[in-house]
Structures are given as structure tokens and as C-alpha cells.
Amino acid sequence: MTLISEDYLFEVIKDYFKKNGVSDIQKESYNYLITNTIQQIINEDPVIKIPIKQNQYFMIEITDVIIDNPYIIEENRKIRYITPNEARLRDLTYDAPISLNITEKLVNILDNKEEILEVKYHNKIIIGRLPIMLQSIKCNLFNKTESEKIKAGECKFDSGGYFIIRGKERVLVSQERMNYNSIHVFKQKKSSKYTYIADIRSMSEETGHSILIQAKISNNNEFLFSIPYINQDIPIGIIFKAFGYTETKQLY
């Protein structure tokens, strides 16, 4: 096994920051939330059925998620898009509304057949507001030149990646975690009853739900599994039999 020297690691990190800003990881994660994750959450349960009579119900279909850029409504009721510096000076939250397109249908059931009696469309219904990360794709300074940012009251060295809440700058602290859907094997301490434990946290990219499964080798060379919703470790033979391997020769 080849060991990578510490000097080489620092050269790799130095080269990374030559091409990327210190806040790029934050902005990329936030942009993915804006462009993918929120819509995926809506897609999980896009249809809501509300019974009103024995043979009638309302069906609510939620489709597009729309996130605007940060703006305020002036006293003359006109919408004006604001800069981050204006939010700082006026103690405002640099945020934007989250809107949905909603289709409302009145459905009648007759002889096990559904008939749509009435359809109403509701476009851009606001369901809440979302703080906008500075210099993300929804920021009003996104892709602006250095001179344009300075004119808007920003420092030319400010790379964004944080929020403005009631005029105060706030940042989400990143946390390191192990990769999902990858197996990690850990050697245990001598005082432990296990020699090795292998972890894998499986996560669905569609729903975001995850579960942890562990494979363990005890000091007596027993193979055990730890699976969700069961408190005790289960011998590997029982797991294989649960999957239909009933013959002894099938286990080898």
C-alpha cells in the first residue's frame, strides 16, 4: 500500500482552491436543493384526495415548485428586487417566496367510474418563504461582474455562501459524515465483543429515507447482522434462510 505524504495532500488542497472558492461547496449544495430536492419532496405525494360525500371527493394535484429571487413589496404595492447590502442596512431577511401550481378537481364516482365535474387552476400559490444564499443561483448578484457587485455594496472578495436574516449574516456549519451506499469496515477495540463491524447506510435518492445495516464478526468468529426494527443481532444463517436459502449446501 502506497502512503500519500502530507506535503502532497496540501498541494492537492491548494490546487483545489485555485480553481474553486472557499464557499463553493456550500453554494453547490444549496443550488441542488433549489433545483432538485424541493421538487422531489413535492413529487413524493403530489395528489391529495379529500372526501366530501359518499360518492364525491376533491382531488388536489401539486405540480411545479417555483422559487423567485429576493424582493420586497414597496408601499405603492410594486415589487422591487433587493440586494444583500440593502437587506443588511434595513434589517431585512434576504429571502424569496416558494410557490406551487395547484389543480383542484371535483370528482364524482358513479358505477365505479370517475367523472370530473369541475376543474380549477391556481397558479403560483405562495406556501412559504426560503432564505436565499448569497451568490447562489437565486441571488440577485448571481453571475454579476466584480464591478457590479462593488456597485451593489458588496466586497469584491466576498464569495457568498451565507444568509442574511433580519439584517444579520448567518451561516450553516457544515458537518462531515460518511458516504451513503458505501461499505465501511471498522476494527474494534480489544475490549469489544466484536472483532470487526461493517456498516452500510443505504439511502434512497428518490425519497431521502435511509437505513443502517451492520455485519459483525464476534470474538468467537460468529457472523451476525444488525438490521432495522430488530433489537438483537441475528446470526447470518437465519438471514440467509429468510432469503430462501434453506439447503445447507446453498450457504457455501
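For the structure itself, look to the data block above.
These figures come from a predicted structure and were not determined experimentally. (Residues numbered from 1 in each chain as written. Predicted model: local features only at pLDDT ≥ 70, side-chain atom pairs only at ≥ 80, totals over all residues. Heavy atoms only, no water.)

Evaluation of the coordinates by the stated rule reveals 12 salt bridges. With a closest N to O distance of 3.7 Å, Asp-24 and Lys-27 form a salt bridge. Pair noted here: Asp-24 and Lys-27 are both in helix α2 (residues 24-44), with a separation of 3 residues, about one helical turn. In terms of burial, Asp-24 and Lys-27 fall into one category: buried. Between Glu-118 and Lys-120 there is a salt bridge, with its nearest N and O atoms 3.7 Å apart. Judged by its relative accessible area of 37%, Glu-118 is partly exposed. One network of salt bridges, in which partners are shared, links Glu-74, Arg-80, Glu-86 and Arg-90. (Salt bridge = Lys/Arg side-chain N within 4 Å of Asp/Glu carboxyl O. Helix = DSSP H or I, 4+ residues; strand = E, 2+ residues; numbered from the N terminus. Buried < 20%, exposed > 50% of the residue type's maximum accessible area, 1.4 Å probe, protein only.)

For the rest of this paragraph, the subject is a nonpolar patch on the surface. There is a patch of nonpolar side chains on the surface, built from Phe-10, Ile-13, Tyr-16, Phe-17, Val-22 and Ile-25 and spanning about 620 Å² of accessible area. In terms of residue count, helix α1 (residues 6-19) provides more of the nonpolar patch than any other element does, 4 residues in total. Tracing the chain through its elements places Tyr-16 in helix α1. On the basis of relative accessibility, which here comes to 32%, the residue Tyr-16 falls in the partly exposed class. (Patch = residues over 30% accessible without salt bridge, like charges linked within 9 Å, V, L, I, M, F, W, Y side chains within 5 Å. Areas by Shrake-Rupley, 256 points an atom, 1.4 Å probe, with all protein chains shown as cover.)

On to α2, then. In a regular helix each residue adds 1.5 Å, so 21 residues correspond to 30 Å; α2 covers 29 Å between its end C-alpha atoms and thus fits that length. Remark: the principal bend of α2, roughly 45°, maps to Leu-33. Buried within α2 we find Asp-24, Gln-26, Lys-27, Tyr-30, Asn-31, Ile-34, Ile-38 and Ile-42. Against β2 (56-67), β5 (95-110), β6 (113-131) and β7 (163-165) lie the buried residues of α2. (Expected span 1.5 Å × (residues − 1). Bend = angle between axes of the 7 residues up to and from the residue. Contact = heavy atoms within 4.5 Å.)

For the rest of this paragraph, the subject is the side chain of Lys-216. If you trace the backbone, Lys-216 turns up in strand β11 (residues 210-218). The contact partners of Lys-216, leaving out residues within four places of it in the chain, are Tyr-194, Tyr-196, Ile-197, Glu-222, Phe-223, Leu-224, Ser-226 and Asp-233.

Further remarks concern the nonpolar core. Formed by 26 residues in total, the largest nonpolar core has its most connected members in Tyr-30, Val-65, Ile-67, Tyr-94, Leu-130 and Ile-132. The set of elements that each furnish at least two residues to this core consists of α2, β2, β5 and β7. Residues in contact with Tyr-30, not counting those within four places in the same chain, are Leu-130, Pro-131, Ile-132, Met-133, Ser-136 and Phe-163. (Core = buried A, V, L, I, M, F, W, Y, C linked by side-chain atoms within 4.5 Å.)

Turning our attention to the state of the cysteines. The final tally for this structure, using the stated rule, is 0 disulfides. Note on Cys-139: no disulfide assigned, nearest cysteine sulfur contributed by Cys-155 at a separation of 15 Å. (Disulfide = S-S within 2.5 Å.)

Attention now moves to the environment of Glu-154. On the secondary structure map, Glu-154 appears in the loop between α4 (146-151) and β7. Placed 108 residues apart in sequence, Glu-154 and Pro-46 show a C-alpha to C-alpha distance of 40 Å. A distance of 3.3 Å separates a polar atom in the side chain of Glu-154 from the backbone nitrogen of Asn-85. (Polar contact = N/O pair within 3.5 Å; in protein donor to acceptor, adjacent residues only side chain to side chain.)

Below, the discussion takes up the sheet that holds strand β1 (residues 47-53). The strands that make up a sheet pair up through hydrogen bonds in the backbone, lying either parallel or antiparallel. An order of β1-β2-β5-β6 is seen for the 4 strands of this open sheet, with the pairing classed as antiparallel. Looking along the sheet, the strands with just one partner apiece sit at the ends: β1 and β6. Adjacent strand axes in the sheet meet at a mean angle of 20° when their direction is disregarded. Here 15 bridges tie β5 to β6, and the two strands are oriented antiparallel to one another. For Glu-104, the partnering residue across the bridge sits in β6 and is Lys-120. Each of β2, β5 and β6 touches α2; the most contacted strand, β2, lies at about 175° to it. (Pairing = 2+ DSSP bridges. Axes fitted to C-alpha atoms, helices over the stretch in contact; angles between N-to-C directions.)

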